[in-house]
Amino acid sequence: MARRLDVTGADGVRLAAWDFTPRTAARTGRQAPPGAVPHGAPHGTALPAQAGPEPTDPQGRETARRPAPAAGPGVLLLHGLMGHAGHWARAARALTGGHRVVALDQRGHGASDKPPEGPFTREAYVADAAAAVEQLGLGPVTLVGHSMGALTAWQLAAERPDLVRALVICDMRASALGAASQRAWQDWFRGWPVPFPSLDAVRRWFGEEDPWVERPHPARGAFFAEVMAAHADGWRPVFDPAQMLTSRETWVHDAHWDSLAQVRCPALVVRGLDGELGRAEAQEMVRVLPRGAYAEIPDAGHLLHYEHPEAWAETVEPFLTGVLTA
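Residues numbered from 1 in each chain as written. Predicted model: local features only at pLDDT ≥ 70, side-chain atom pairs only at ≥ 80, totals over all residues. Heavy atoms only, no water.

Colleague: Hey, could you go over the packing of helix 3 (residues 122-135) against helix 4 (residues 148-159) for me, with residue numbers and the actual values?
Modeller: Any two packed helices are characterised by the angle at which their axes cross and by the distance between the axes. At their nearest, the axes of helix 3 and helix 4 sit 9 Å apart, and the two run at 75° to each other. What the angle tells us is that helix 3 and helix 4 run roughly perpendicular. Across the interface between the two elements, Arg-122, Tyr-125, Val-126, Ala-129 and Ala-130 of helix 3 pack against Met-148, Leu-151, Thr-152, Gln-155, Leu-156 and Glu-159 of helix 4. Its residues assigned to classes, the contact of helix 3 with helix 4 shows seven nonpolar, two polar and two charged. (Axes fitted to C-alpha atoms, helices over the stretch in contact; angles between N-to-C directions. Helix = DSSP H or I, 4+ residues; strand = E, 2+ residues; numbered from the N terminus. Parallel < 35°, antiparallel > 145°, perpendicular 65-115°, else oblique. Contact = heavy atoms within 4.5 Å. Nonpolar A, V, L, I, M, F, W, Y, C, P; charged D, E, K, R; others polar.)

Structure below.
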């Protein structure tokens, strides 16, 4: 089971981190045997999207106030916008290098605080990630980020090189998306048929009926089903869509090439062939990174680590091992 570890982020925001490290590795510092990481839900460890900060989890998952002993080099996984730490479960389980693997629910997401007034700025997200690295004793850490989490990861690597050993950027652009993108997202959120009567309805809408879906996409439906919470009138997202729009403004209107160029540690840019990061931009990001490398995952889209956890791990693992042995 994943163990919950509480972190105090910027401005006192309470954050939930989840340690996926196998028990035997945590105790001995050695790699656990294959299959040693327990998991409960179909997509790995289903972390509590609707859970609060209480130390007792009604669904039987472990919680802990203090981090487990280090099992090896730290890896911090940062999910994307609207995601949560549990979306990394199968990918984390596929890693075999004896790492201590922790995933963070970023502010506004998962089981972490969702302060009504924010802030949901780049500075706040980066400060939260730094707090997780320091408070959980993960540094120097390998940061692995997906989408928004990748931007947080490379900004932290640029600002705090003392905390970061290496960086993996999964399907995130460095260029600005433009104001039209934000308007499209506003319209998209307004079109959600909330509350959903059931989780099956969630899966069906996001996997088939959503106008943004060009063809049936069951993994997308499953992804969103994991970030819904039960209410008296049905199922609603655990996050506030208005806060999500505020969070994404920071890359809708601003490019982030400058911070990318300031990353001095080894960095791997990973894209799915059908993802949101185009090949030309990805290769330009590798060129801008002082120590950049490039990888693609065939048949993968934007949710590359979620849909193809084994292929993702096979792509990332050699980079992680190379960083440790260089």
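Next comes the rest of the description.
Colleague: Help me get a handle on the layout of surface pockets, residues and values and all.
Modeller: Within this model, the largest pocket holds a volume of roughly 1,100 Å³. Taken together, 32 residues make up the lining of the largest pocket; nearest its centre are His-217, Arg-220, Asp-274, Glu-276 and His-302. Elements represented by at least two residues in the lining of the largest pocket include exactly helix 5 (179-190), helix 7 (218-225) and helix 8 (241-252). Tallied by class, residues from the lining of the largest pocket come to 14 nonpolar, eight polar and ten charged. (1 Å grid on protein atoms, 1.4 Å probe; cavity = no way out; pocket = protein on both sides within 12 Å on 5 of 7 lines; lining within 4 Å. Points joined across faces, edges and corners; volume = space filled by probe spheres on them.)

Colleague: Go over the packing of aromatic side chains with me, naming the residues and quoting the values.
Modeller: One pass over the full model with this rule turns up 18 aromatic pairs. Between Trp-188 and Phe-224 the ring centres are 6.2 Å apart and the planes differ by 75°, which places this aromatic pair in the edge-to-face class. In this pair, Trp-188 is assigned in helix 5 and Phe-224 in helix 7, connecting sequence segments 36 residues apart. Here Phe-224 falls in the buried class, since its relative accessible area comes to 4%. Ring geometry for Phe-206 versus Phe-224: centroids 4.1 Å apart, planes at 10°, classification stacked. Here Phe-224 lies in helix 7 and Phe-206 lies in helix 6 (residues 199-209), a separation of 18 residues in the sequence. Within the aromatic cluster, the residues linked to one another by ring pairs are Trp-185, Trp-188, Phe-189, Trp-192, Phe-196, Trp-205, Phe-206, Trp-212, Phe-223, Phe-224, Phe-239 and Tyr-306. (Phe/Tyr/Trp six-rings, centres within 6.5 Å; stacked < 30°, edge-to-face > 60°. Buried < 20%, exposed > 50% of the residue type's maximum accessible area, 1.4 Å probe, protein only.)

Colleague: Quick rundown of the pattern of salt bridges? Include the residues and the values.
Modeller: Tallying each qualifying case throughout the model produces 16 salt bridges. Put simply, Arg-271 and Glu-296 hold a salt bridge, and the shortest N to O gap is 3.1 Å. Residue Arg-271 is found in strand 10 (residues 267-272), and its partner Glu-296 is found in strand 11 (residues 292-297); the two are separated by 25 residues along the sequence. Since its relative accessible area comes to 5%, Arg-271 is described here as buried. (Salt bridge = Lys/Arg side-chain N within 4 Å of Asp/Glu carboxyl O.)

Colleague: Provide a residue-level description of the side chain of His-84, including the pertinent values.
Modeller: Relative to the elements of secondary structure, His-84 occurs in the loop between strand 4 (74-78) and helix 2 (89-94). On the accessibility criterion, His-84 (1% relative accessible area) is buried. A distance of 3.5 Å separates the side chain of His-84 from the side chain of Glu-226, its partner in a polar contact. (Polar contact = N/O pair within 3.5 Å; in protein donor to acceptor, adjacent residues only side chain to side chain.)

Colleague: Can you break down the environment of Phe-189 residue by residue, with the values?
Modeller: If you trace the backbone, Phe-189 turns up in helix 5. Assessed through its relative accessible area of 10%, Phe-189 is described here as buried. Residues Phe-189 and Ala-242, spaced 53 residues apart in sequence, show a C-alpha to C-alpha distance of 8.9 Å. Not counting residues within four places of it along the chain, the set of residues in contact with Phe-189 comprises Met-82, Phe-239, Pro-241, Met-244 and Leu-245.

In short, geometric facts, not functional conclusions.
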